[in-house]
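Tertiary structure, described
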Amino acid sequence: MTEKLYYEDAYIKDFSAEVLSVTECDGGFDVILDKTAFFPEEGGQSADTGVIGNSSVSYVYEKEGIVHHITKTAPPVGVANCQIDFGERFEKMQLHTAEHILCGIIHKLYGLENVGFHLGEEEVVFDVNGTLSREELNRVEEIANEAVFSNIEIETFFPDSGELGKLEYRAKLDITENVRIVKIGDVDSCACCAPHVHRTGEIGLIKILEFMKHRGGTRIWMVAGRRALSDYRKKYSNIQRISALLSAPQHDTADALEKYMKDADGVRSLLKSSRVALAEAEAKSMPDSEENVVVKLNDYSIDELRAFVNAYKARVGGLTVAISGRDGDYKYVIASNDRELSQEIKKINESLSGRGGGRGFMVQGSFLTDEESIRAYFK
Ligand SMILES: [Zn+2]
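Okay, so let's go over this structure. Note that the structure is predicted; figures quoted are calculated from it, not measured. (Residues numbered from 1 in each chain as written. Predicted model: local features only at pLDDT ≥ 70, side-chain atom pairs only at ≥ 80, totals over all residues. Heavy atoms only, no water.)

**A closer look at the coordination of the zinc ion**
Those protein atoms acting as donors to the zinc ion are His 96 (NE2), His 100 (NE2), Cys 192 (SG) and His 196 (NE2), and they sit at 1.9 to 2.1 Å. Around the zinc ion, the four donor atoms sit at angles spanning 96 to 122 degrees, and that spread fits a shape best called tetrahedral. For the zinc ion, the single-chain donor residues occur in sequence as H-x3-H-x91-C-x3-H. In this pair, His 96 sits in helix H2 (residues 86-110) while Cys 192 sits in the loop between strand E13 (188-191) and strand E14 (206-214), placing the two residues 96 residues apart along the sequence. Summarising the burial analysis for this pair, His 96 and Cys 192 share the class buried. (Donors = N, O, S within 2.8 Å, 3.2 Å for Na, K, Ca; no water. Tetrahedral: all angles 85-135°; square planar, octahedral: opposite > 155°, others 65-115°. Helix = DSSP H or I, 4+ residues; strand = E, 2+ residues; numbered from the N terminus. Buried < 20%, exposed > 50% of the residue type's maximum accessible area, 1.4 Å probe, protein only.)

Right, dumping it as structure tokens:
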């Protein structure tokens, strides 16, 4: 069994240990030490990184009481100076202890159990086995932060089975021996073997970000400590930009954006009706014709082409063909005053690399050919 230094003291950054064995494995070498402060991947928490001598540690796992360190190069057997990346570890301790506090409060207030935990690159995600509302989660968040402000000492101990029987604590596994209890005042008691901070004040701000219904329970995203600061910084610089773009105070940006979008909708519909009116005016300026007519229009949408054709077709004896686009890619609308076009358009599409169709006296689609071929076809 490897001696686990992280049980005694979660703040050990440097330690010397004896390298007992080094075996080649997938992705490098599997190193076993007599003792370690490297916390292995466990219960949703990622493994510590760092160095054993000059060999960097990329992954750590535990199997049957023995901690395995995966390194890129092989450290020599013997005594090695080891160092864990404590910045990363401390962030995880902040997040993990924050999760204890949140789950402890959710358990006390609403009787729900934590049924999943994942520490991601930016946020922590955890699941509880019942539904919670935004108001309920706000309350949980407030109490959690009060627990931080109270700077409560966090105790860890291994009670004997007699004591354990009398304790009330949250546990994911049904084990009764060597149970390590992590007690955060009267906020939470939980069986856990991961490293935690000494006092809740070290966690810093705890912020619940999002939540959603998930498998009959609730999935919750949160940040704490340094991650909460970097999350705040990102969001703050974003809101500063939005505020400047909208010329609105930061706290009024949502209202300002809503108004902006409403105005933009108004402008869009005005533009649309103006363009349709323009298409109809354009149609009025066209000469009467007994034959087929092909008109090329600049930057017309399908709706505008339709408006144009509708306003023009009565004065055309043959087909009214309106196109817009460029050689190789034209939108088209074709109308007739007296013939059903749904069959005829298939033949037209075949000749002009077209797509589309319709029913009745009007059809629409696209021709993947050039203007000259279109004009020649309808001549
Ligand atoms: Zn824990």
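**With respect to the pairing of strand E10 (residues 124-128)**
Here E10 lies mainly inside the structure; five of its five residues are buried. The alternating pattern of E10 places Val 124, Phe 126 and Val 128 and Val 125 and Asp 127 on opposite faces, both of which are buried. Two strands pair when backbone bridges link them, and strand E9 (residues 114-119) and E10 are joined in this way by five bridges, in the antiparallel orientation. Across the sheet, the residue bridging to Leu 119 is Val 124, located in E10. Here five bridges tie E10 to strand E15 (residues 217-224), and the two strands are oriented antiparallel to one another. (Pairing = 2+ DSSP bridges.)

**Examining a nonpolar patch on the surface**
The grouping of Leu 257, Tyr 260 and Met 261 at the surface amounts to a nonpolar patch, some 330 Å² of accessible area in total. Looking at the secondary structure, you find Met 261 in helix H6 (residues 253-284). (Patch = residues over 30% accessible without salt bridge, like charges linked within 9 Å, V, L, I, M, F, W, Y side chains within 5 Å. Areas by Shrake-Rupley, 256 points an atom, 1.4 Å probe, with all protein chains shown as cover. Salt bridge = Lys/Arg side-chain N within 4 Å of Asp/Glu carboxyl O.)

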